[in-house]
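One letter stands for each residue in the lines below.
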Amino acid sequence: MGRSTLLLRTHGVKVKMAPVLLVWLAMCLPGTLAVDRGNFKTCDQSAFCKRHRALKSGESPYRALLETMELTNTRLTLQLKNDKNKVRLLLELYRLQGNITRVKINELKPLKPRFEVPDVLVREPPTEPLSLLSQDEHGVVLSLGAESQRVIVSARPFRLDIMEGRDVLMSLNSRGLLAFEHLRIRKDTFAYFITGTFASVWSIVQGVFSSQADGEAEDANEEEAVEYEKDEEGMWEEMFKSFSDSKPNGPSAVGLDLSLPGVEHVYGIPEHADSLRLKTTENGDPYRLYNLDVFQYELHNPMALYGSVPVMLAHNAQRTTGIFWLNAAETWVDISSNTAGKTVFGKMLDYVQGSSETPQTDVHWISESGIIDVFVMLGPTPKDVFAQYASLTGTQAFPPLPALAYHQCRWNYNDQDDVQAVDAGFDEHDIPYDFIWLDIEHTDGKRYFTWDANKFATPKEMLQGLLDKKRKMVAIVDPHIKVDSNYKVHSEIQSRGFYTKKKEGGDYEGWCWPGNVGYPDFAREDMRAWWASMFAYDQYEGSMENLYTWNDMNEPSVFNGPEVTMHKDAKHGDWEHRDLHNIYGFYVQMATSEGLIQRSGGVERPFVLSRAFFAGSQRYGAVWTGDNAAEWGHLKISIPMCLSLGLVGISFCGADVGGFFKSPSSELLVRWYQTGAYQPFFRAHAHLDTPRREPWLFGPENTALIREAVRQRYTLLPYWYQQFYHAYRSGLPVMRPLWVEYPQDPATYALEDQYLIGGDLLVHPVTEEGATGVTAYLPGKDEVWFDVHTFQRHNGAQNLYIPVTMSSIPVFQRGGSIIPRKLRVRRSSTCMEHDPYTLYVALNRQRAAEGELYVDDGHTFSFEEKEFIHRRLSFANNILSSVNLAPDAHFSTHSFIERILILGTSKPTKATLKTADGRTSQLDFDFNATTSVLTLRKPGMNAGSDWTVALQ
C-alpha cells in the first residue's frame, strides 16, 4: 500500500477521528492527486541547512593543532581548533582494510555525548597500519600503503587530501565548509540569570573546552579572543507551519565539504525520483535525505522520499570512488561542478584553447545532529567500491527463490473468497504467480498481527489452500499500534514501556490508519527482540510458514505530525528522534526479518518488504519505490530509482507495476509488466479506489501480452537467482548501470533508460507511449550482442535502432556468456523446482564463453552449510563443459540439461557428449543457417554433474 492518502470514507476508522483526519486530508489532498510541497521543508525552512549553506567558501576557522597529534599502529588523532569560538574537535583517521579511509570528527569534550549511529556497520571495521612519511609546521604526510597512496593533513586552515602518486583523489574541507555546531548552554538558562552576564556563562562553557594541550601560550587567555556566536532563528526552537520543534540541546548540526578532482559524474544518495546521474544543486535545493511519507511524489526534484542511503559514488574513466556519510539525522547534500552547464562545444573549445581546467565535483554534506563519520572508499574499480561498501554494511540478503517471481497485490483483496477467486483467475488464464498480498483491510480494525473475523475468518484454511498449490502470501504489519486496552499487542508494548516517548515524558502518540496510535521504540534492542517474538506461530494467530511480511509506513508516518512524521524532539531513551530518524525503518525491517527467521528455528530465509530504509537495509530484504502513479513518467523513473539503490547495496528493488495511484491505460499496463518482469522485485499493486486490474481484465490480447512478460520472468529465474547469490556473496548489484561493466566508456555514464542484469543481459524496456521503436546503446567495441528473441547478432559500441510492437521487450545477451533458463513454466516457481534447464550459449569468437549454474533448495539457510551446487559453464575450442566450482559443497538435484542452444556458431558434423563416468554418446542437433543457432536436443545429463560436449 504505502498510502499517504486517506479516502473520504474512513475504512472502519471510528468517527471520533474525523476532525483531525479531515484536517490531515485537507493537507494531503489539495484538489489534485499530487504532492503538496508546502507540507515538506525546503532548505530555507530547515534552519540548520540554511545556516550551513550560507557559509562562504575559503573562510574556514579550523586549524589542526599538530602538536596534539598521536599516531598509533591503527589510527591517527589530532585536535582541530575553531579560531573564532575556541572550541576544539577531535579528528580520528583510520586506514581500513580494503582500501578505505575513515575520518571521524567529534567534539573533544562535549557537554553530553553526541549520537553515533549503531547497528548499521556489520562490525567494527578492521584497520591496517598507518605510517608517518613526513611532518613540518604546515602539516603531516601519512602513508596509506598500496600504490603510493597517502594522506596529507594541512594545518592552517585544516584540510585533508587523499592522494595517489601526483593525483588528488579526494579532498576534505578544501573549500573550508567544515562546520561543527558544539553543544552549549542557552543564554537564557538559569545559569545565565544567576551570573547575570553571558560572558560568565561562556566561561562555564569554556571550562568544558579548556586547553587540552599543556603549555599553549597563545590559548592562555583565549576567552578574550572569542567571537561570540549570535543566536540565529531556529537554533533553539523552530517552527514549521503549526509545529514547534523544541531543541533542548540547541544547534548541533555538522557539515563538511568533499572535493572530487577529475570527476563530472556522481551517483547514489537515494531515494529521489530523479535521474541516475546526480544533478548540480546550486540553483535550487540540495538533495534531501529524510525518510518521509510523501503523497504521490513528483518526478525530477531532490525532495526527500521514503528511504535514505547517504552513499555517493564518483566515477570517471580512470577511477571509481565512494563516500559513505554515516549519519542518521536529517541530511542535505549540495553538489556543484565547475563543468556544470558547459555544452559539448564549450568543452571542445576549452580543449582547443588549451584550457588546463580539470573537471571537479564538490559535495557539501550537512546533517542536523550527530558526528562526522565518513568513509572514503578508494576503489579503484566500480566492483572494488561495491566490495568496500559491503565490507562495512553487509550484502543483499539472499532471498528465497519464490520471492524473485511474480507478486500480485492490491489495497485490498476483500476477503478469503476474493483471494480464492484471484488465485483461481491466474490458473484459469495460465499466468504464473507465487505471492498474493493482503493490505491493511485484512486486519481487525487495523490491529496488526490480527485478522478480520468476518472477512478472513479462517486464515489458516486460506493459507493452506495456497500452500497446496505451492504458493504463498504476504500480509502487512505496520509499526504503528492502535491504542486500545483490549488489543494484546498494545497492552504488551505499553506495560513493558516499549513505546517512543514524548519530550516531556509519557508515550508518544499520533494518528495513523487505526486512529490514535503509539510508535514502538525500535531503537531499543529489547523492543526489537519482543517484536520478533510476535511472529511466532503461537503469537501471530492464523499465520503459517507460507505467510511473509510487509512493513509499510515505517518512516515513521504520523498523519498529524510535522511533515507527516514523528516530532524530532520525541525521545528514544537518551536520544532524540532527530538523531536517529533515518534508521527507524531500518530497525523495523531488522526486527521483522529476525522474527521470520526465529519462527522457523533459524531454518527458513525470510522475505520482508520495507518502504523506509537506510544504509544496511539490504541485509533484511526488499524495498520498493513507494506511492507511484499510473503515468508514463513514473514508469520511466522506476529504472534510475532502482539503479541508484543497487549502486548503494540495495539490489532487491522494484516499483508498483501499473502505478499505485490512478488507472493505467492498457498500453501503459502492458509496458509496465514488460519492464517489471526485468526488474529485481516484480509486484503489481494498486490503490483501493482504482478499478480492478488483474492481468486478465484488459481483453484477451493484453492478457496474452502480460502472460508472455510474466512467463519470460519465470524462464529466467535460474539466472536471477544466481545474480542474487553473487549479490549476497560480493555486494555486486543485480541491476546495473552500463558503466559498471564498461567503466571506460563515457557513452554509458548518463544512460538510465537501459541497464544490465548481472553482466550478461542488457535490457531496454519500452517506456514511451505509442513507441514504434527504441534506440539502445550496445556497449563494448569488442562485444557482440544477441537479441534474445530473434537471436540476431549485433556488434557492440553502437546505437541500435530497434523497431518495436506491443509484444516487444528489447533484451540482449552478451556474446561470451552462458545463461541457464527453465522453459517449462508452471503455476509457481516452486512447481518448477525439479524441471530441466536449457543453456543459452552466446559466442564471441574473440574469447571463450563463460557462465554459471547455481542450485540449492531455494528457501533455507542450508546453503551456508555448503548445501548447494555451483558449476562453471564454459565454451572454448568447440568444447562446452560443466566444472564444479565448489568441490567441498554437497547437494543433489533432479534437474537435468534438456537442451543447449549455441548462438553465433556454424554447423558441426557431430556433437559428442562425455559424462563424468567416461561414457560418450552422440547428440542429435538442428542448425538454423539463417540465425546461426545450433540446438542440441535432449543431452540429458544431470545439472549437478561434470560433463563435456565436443563439436566437430
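Residues numbered from 1 in each chain as written. Predicted model: local features only at pLDDT ≥ 70, side-chain atom pairs only at ≥ 80, totals over all residues. Heavy atoms only, no water.

Caption draft 1: Just the overall build of the chain, in detail. In terms of helices and strands, the chain carries 18 helices and 53 strands. Radius of gyration (C-alpha) of the chain: 29 Å, near the 30 Å computed for a compact globule of 952 residues. Counting only C-alpha atoms and orienting by the principal axes, one finds that the chain spans roughly 95 × 70 × 55 Å. Relative to its 952 residues, the chain shows a buried fraction of 62%. For the chain, the proportion of contacts with a sequence separation of at least 24, taken over those separated by at least 6, is 73%. By element, 50% of the accessible surface of the chain is carried by carbon and sulfur atoms, the whole surface being about 34100 Å². Seen as two clouds, the 96 positive and the 119 negative side-chain charges of the chain have centres 3 Å apart. (Helix = DSSP H or I, 4+ residues; strand = E, 2+ residues; numbered from the N terminus. Rg over C-alpha atoms; globule rule 2.2 N^0.38 Å. Buried < 20%, exposed > 50% of the residue type's maximum accessible area, 1.4 Å probe, protein only. Contact = heavy atoms within 4.5 Å. Areas by Shrake-Rupley, 256 points an atom, 1.4 Å probe, with all protein chains shown as cover. Lys, Arg positive; Asp, Glu negative; His and termini not counted. Charge placed at Lys NZ, Arg CZ, Asp CG, Glu CD.)

Caption draft 2: Fine view of the pairing of strand β43 (residues 817–821). Counting buried residues in β43 gives five out of five residues, a clear majority hidden from the surface. Of the two faces of β43, the one holding S817, I819 and R821 and the one holding I818 and P820 are both buried throughout. Bridge count for β43 against strand β44 (residues 837–842) is five bridges, and the pairing is antiparallel. Residue pairing for β44: S817 is matched across the bridge by A842. Relative to strand β45 (residues 849–855), β43 runs parallel, the two being bridged by two bridges. Note that in β45 the partner of I818 across the bridge is G851. (Pairing = 2+ DSSP bridges.)

Caption draft 3: Highlighting the pairing of strand β21 (residues 372–377). Most of β21 is tucked away: six of the six residues are buried. On β21, burial covers both faces: I372, V374 and V376 on one face and D373, F375 and M377 on the other are all buried. Here strand β4 (residues 100–107) pairs with β21 via six bridges, running antiparallel. Note that in β21 the partner of T101 across the bridge is V376. Bridge count between strand β18 (residues 320–325) and β21: four bridges; the pairing is antiparallel. Paired with I323 across the two strands is V376, which belongs to β21.

Caption draft 4: A look at the pattern of salt bridges. Taken as a whole, this structure holds 59 salt bridges when the rule is applied. Taking the shortest distance from any N to any O, the salt bridge between E238 and K41 comes out at 3.5 Å. Placement of the pair is E238 in strand β12 (residues 237–240) and K41 in the loop between α1 (18–28) and α2 (47–53), with a sequence separation of 197 residues. The two residues E238 and K41 agree in class, both being buried. (Salt bridge = Lys/Arg side-chain N within 4 Å of Asp/Glu carboxyl O.)

Caption draft 5: Quick peek at the sheet that holds strand β26 (residues 509–512). Reading across the sheet, the three strands line up as β25-β27-β26 and stay open at both edges, with antiparallel pairing between neighbours. Since the sheet does not close on itself, it has two edges, and those belong to β25 (481–482) and β26, each with one partner.

Caption draft 6: Inspection of the packing of helix α16 (residues 700–715) against helix α17 (residues 717–730) at higher detail. Where α16 meets α17, the axes come as close as 5 Å, and the angle between the chain directions of the two elements is 55°. The pairing of α16 with α17 is recorded here as oblique in orientation. Taken together, the residues of α17 that come into contact with α16 (itself represented by R713, Y714 and T715) are L717, P718 and W720. Residue classes in the contact of α16 with α17 are distributed as four nonpolar, one polar and one charged. (Axes fitted to C-alpha atoms, helices over the stretch in contact; angles between N-to-C directions. Parallel < 35°, antiparallel > 145°, perpendicular 65-115°, else oblique. Nonpolar A, V, L, I, M, F, W, Y, C, P; charged D, E, K, R; others polar.)

Caption draft 7: Representation of the packing of aromatic side chains within the structure. Tallying each qualifying case throughout the model produces 51 aromatic pairs. Ring geometry for Y725 against F868: centres 6.0 Å apart, planes inclined by 50°, an arrangement best described as tilted. Of this pair, Y725 sits in helix α17 while F868 sits in the loop between β45 and β46 (869–876); the two residues are 143 residues apart in sequence, bridging distant segments of the chain. F868 shares its class with Y725; the two are buried. (Phe/Tyr/Trp six-rings, centres within 6.5 Å; stacked < 30°, edge-to-face > 60°.)

Caption draft 8: Quick look at the sheet that holds strand β22 (residues 406–408). The strand order across the open sheet formed by eight strands is β33-β32-β31-β28-β24-β23-β22-β34, and the pairing between neighbours is parallel. A single partner strand is all that each edge strand has here, and the edge strands are β33 (653–654) and β34 (682–684). Alignment of strand β31 (residues 608–610) against strand β32 (residues 622–624), held across two bridges, turns out to be parallel. Opposite S610, over in β32, you have V623 as the bridge partner.

Caption draft 9: Local environment of the side chain of D334. Among the structural elements, D334 can be located in strand β19 (residues 331–337). For D334, a relative accessible area of 12% puts it in the buried group. At 2.6 Å, the side chain of D334 forms a polar contact with the side chain of R53. Side-chain polar atoms of D334 contact the side chain of T281, separated by 2.4 Å. Those residues in contact with D334 that sit more than four places away from it in its chain are R53, T281, P286, D362, V363 and H364. (Polar contact = N/O pair within 3.5 Å; in protein donor to acceptor, adjacent residues only side chain to side chain.)

Caption draft 10: Up close: the state of the cysteines. Using the criterion set out here, one finds two disulfides in the structure. Between the sulfur atoms of C43 and its disulfide mate C49 the distance is 2.0 Å. Judged by the sign of its S-S torsion, about -100°, the cystine formed by C43 and C49 is left-handed. Accessibility classification places C43 together with C49 in one group, the buried group. (Disulfide = S-S within 2.5 Å.)

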